[in-house]
Amino acid sequence: MTPQQTSPFPKGVEIIPVGGTGEVGRNMTAVRVDDEVFLFDMGLHMPNYIKYTEEDISDLSKLSTEALRKAGAIPDDNVIKHLRKNVKAIFLGHGHLDHIGAVPFVAQHYNAPIIGSPYTIQVLKTILKDEKIQLKNRLETLSPNSTRKITKNVTVEFVHITHSIPQSVLVALHTKYGIILYATDFKFDNNPILGKPPHYEGLKKLGDKGILVSMIDCLYVTKPGKMPSEAVAREMLRDAMLGVDNSKHALVVTTFSSHIARLKSITEFGRQTKRKILFMGRSLAKYSQAAEDIDLIHFTKHGVDIMKYGNQVKRKFREITKRGKEKFLLVVTGHQGEPKSMLAKMINRKFDFRFDSDDHVIFSSSVIPVEPNMSYRKAIEQQLQREGVRFYTDIHCSGHAAREDIREFLKLTRPRHAIPTHAEPNKVDSFVQLWNEMGLPPKNAHVLKPGQKLKLV
Ligand SMILES: [Zn+2]
């Protein structure tokens, strides 16, 4: 018998979201094309992960896979157990932990290479090294706007897109049944500060060739209009850092550790204040070091000191207090109020550092509106208020597409079928509404739960 005849799988394309549909986090999708299987992302569910570990939002500690699975912190890949031996490759769209953070726990189930853009792979390597985890999977890089033949029948293409971390890509799988597009996460940012605008032409070409199905980032589908550019966030930051008199006081900025474009703006304005710039916190060190390692940007060459370890940080705070905190710009972890973050420790006087009235703290982030984030952040803000600290919140623009961006995306790519993802049920419904509003066939918008299979051809 030929291998085809012995294959236990029917011919065609089947999509199985393992996690990340009808919820925000633990992104992972399996795509079966005949008897070959491809995996997209392996992410953490951040709120469940933080609830479980109380860790700094971007830190990863050694935990058992089973315990994390039970806590809902990683995708439950038992739903694709029957496909394990057929997995040919694992693709990572970008380096956020809700897309790659479960790799150390889940990738070992598959005898397949992990393929991501150079920055994504560098971030993954840094995490693995820090946690002293060795993966048997081969790590391969593929540059944005490149293709690679994965098997005789399937080629992958990485399409450059803008998001809130460098070298994000939309992953297109070219198959004889049409293109399968994995479009999460993204925004359409025409002034991205770091890197180029989205590769619209590449997306249009995919549409011309024929997209069978697209998974689509729907986190902000209910937000009308277009998501403001990173250039807007930069101007808000400029105003908060340079538009008020903070010259005699502490200036502390906290943001997403992986938001390298934002860190670029922070350090550029920081240099204008003539303060010594310090990055403090493990996750900040991790992501900025990964960016330096692949020559994406150089913070240290431009006078930034990156501090990773506790004793290093402790010593530095003694120096700051001695020399005068007005001489420093402290870029720290803790924008969500995470109890073990640098900002929380500073407030709780774990270091030789005191906040005084009229010190400045800038939150270059928005609070992720889930528990425990909201209570953590509220507690931090109340403490700052008690100390008389002047603080600035929401100095931020999201890295996700808003409703009109998603409409643009659909017009450009014209997928035959769509699977809304990266969103809670009310937003999924809102996407279906948009799909119908555009006159697209209602039966082709598929609302799936994790583990629910969709057979397409
Ligand atoms: Zn992301």
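Computed from a predicted structure; not experimentally measured.

Protein coordination at the zinc ion comes from H94 (NE2), H96 (ND1), H163 (NE2) and D185 (OD), with a distance range of 2.1 to 2.3 Å. Coordination at the zinc ion is irregular, judged from the 4 donor atoms that bind it and the angles of 93 to 166° they form at the metal. The sequence motif formed by the donor residues of the zinc ion is H-x1-H-x66-H-x21-D. The residues H94 and H96 share a single accessibility class, namely buried.

What follows covers the environment of V367. Tracing the sequence through the fold places V367 in the loop between β16 (360-364) and α13 (373-387). Taking relative accessible area as the criterion, V367 reaches 27% and is therefore assigned partly exposed. A sequence separation of 238 residues divides V367 from K129, and the C-alpha atoms of the two residues are 29 Å apart. In this structure, V367 is in contact with Q336, N373, M374, R377 and D394, ignoring residues within four places of it in sequence.

Looking now at the side chain of H45. Looking at the secondary structure, you find H45 in the loop between β3 (36-40) and α2 (46-53). With sequence-adjacent residues up to four places away left out, H45 is seen in contact with E23, V24, G25, R26, G72 and A73.

We now examine the sheet that holds strand β4 (residues 87-91). The strands making up a sheet associate through hydrogen bonds between their backbones, and the pairing can be parallel or antiparallel. The 7 strands lie next to each other as β6-β5-β4-β3-β2-β1-β19, forming an open sheet whose pairing is mixed. Where the open sheet ends on each side, the last strands, each with one partner, are β6 (139-141) and β19 (454-455). Relative to β6, strand β5 (residues 114-116) runs parallel, the two being bridged by 3 bridges. From the neighbouring strand, I115 faces β6, where its bridge partner is E140. Of the strands in this sheet, β5 and β6 are in contact with helix α6 (residues 118-130), which crosses β6 at around 155°.

Let us look at the nonpolar core. Among the nonpolar cores identified, the biggest contains 61 residues, and L39, M42, I80, Y110 and I362 are the most heavily contacted of them. Top element by residues in this core is α6. It accounts for 6 residues. Formed jointly, this core draws a minimum of three residues from each of two domains, domain 1 (8-226 + 399-455) and domain 2 (230-392). Excluding anything up to four places from it in sequence, M42 contacts N27, M28, I90, L92, H99, I100, G101, A102, V103, V106, A107 and Y110. Grouped together as the second largest cluster of nonpolar side chains are 27 residues, I179, L203, A401 and F431 included.

With that settled, the discussion passes to the domain arrangement of the protein chain. Domain annotation of the protein chain identifies domain 1 (8-226 + 399-455) and domain 2 (230-392). Every contact between the two is made by 32 residues of domain 1 and, on the other side, 32 residues of domain 2. Buried area between domain 1 and domain 2, both sides added, is near 2,700 Å², and the carbon and sulfur share of it is 59%. Counting across the domain 1 and domain 2 interface gives 2 salt bridges. A salt bridge links E131 to R282, with the shortest nitrogen-to-oxygen separation between them at 3.4 Å. Inspection of the region where domain 1 meets domain 2 yields 7 residue pairs in polar contact (both at pLDDT 80 or more). At the level of secondary structure, the elements contributing two or more residues to the side of domain 1 that touches domain 2 comprise α2 and α6. In terms of residue count, α6 provides more of the side of domain 1 that touches domain 2 than any other element does, 7 residues in total. Its residues placed into classes, the side of domain 1 that touches domain 2 shows 14 nonpolar, 9 polar and 9 charged.

The rules we used
Residue numbering note: each chain is counted from 1, following its sequence as written. Only residues with pLDDT of 70 or above have their local features reported here, since the model is predicted, and side-chain atom pairs are shown and tallied only from 80 upward, although totals for entire chains, interfaces and linings are computed over all residues. Heavy atoms throughout the structure, all of them, feed into the side-chain values; hydrogens and water do not. Donor atoms are limited to N, O and S found within 2.8 Å of the metal ion, a distance that becomes 3.2 Å for Na, K and Ca. With water left out, some sites might look partial. Here a site with four donors is tetrahedral if all angles are between 85 and 135 degrees, and a site with four or six donors is square planar or octahedral if opposite donors are over 155 degrees apart and the other angles are between 65 and 115; anything else gets the irregular label. Three labels apply to residues, based on accessible area from a 1.4 Å probe with only protein chains included: buried if under 20% of the type maximum, exposed if over 50%, partly exposed otherwise in between. Per the convention used, a helix needs a DSSP run of H or I reaching at least four residues, while a strand needs a run of E reaching at least two, with both numbered from the N terminus. Note on definitions: a residue-residue contact is assigned when non-hydrogen atoms from the two residues lie within 4.5 Å. Strands are treated as partners if at least two bridges between them are detected by DSSP. Every angle, taken between N-to-C directions, lies between 0 and 180 degrees, and every axis is a line fitted to C-alpha atoms, over only the stretch in contact when it is a helix. Buried Ala, Val, Leu, Ile, Met, Phe, Trp, Tyr and Cys residues that are joined via side-chain atoms within 4.5 Å together make up what is termed a nonpolar core. Each domain span listed reflects an automatic or database assignment of domains. Buried area: the sum, over both parts, of the accessible surface (1.4 Å probe) that disappears when the two are put together. For this analysis, a salt bridge means a side-chain nitrogen from Lys or Arg found within 4 Å of a carboxyl oxygen belonging to Asp or Glu. In protein, a polar contact means a hydrogen-donor-capable atom and an acceptor-capable atom, both N or O and within 3.5 Å, with residues adjacent in sequence counting only if both atoms are side-chain atoms; elsewhere, any N or O pair within 3.5 Å suffices. Amino acids are sorted into nonpolar (Ala, Val, Leu, Ile, Met, Phe, Trp, Tyr, Cys and Pro), charged (Asp, Glu, Lys and Arg) and polar (every other residue, Gly among them).

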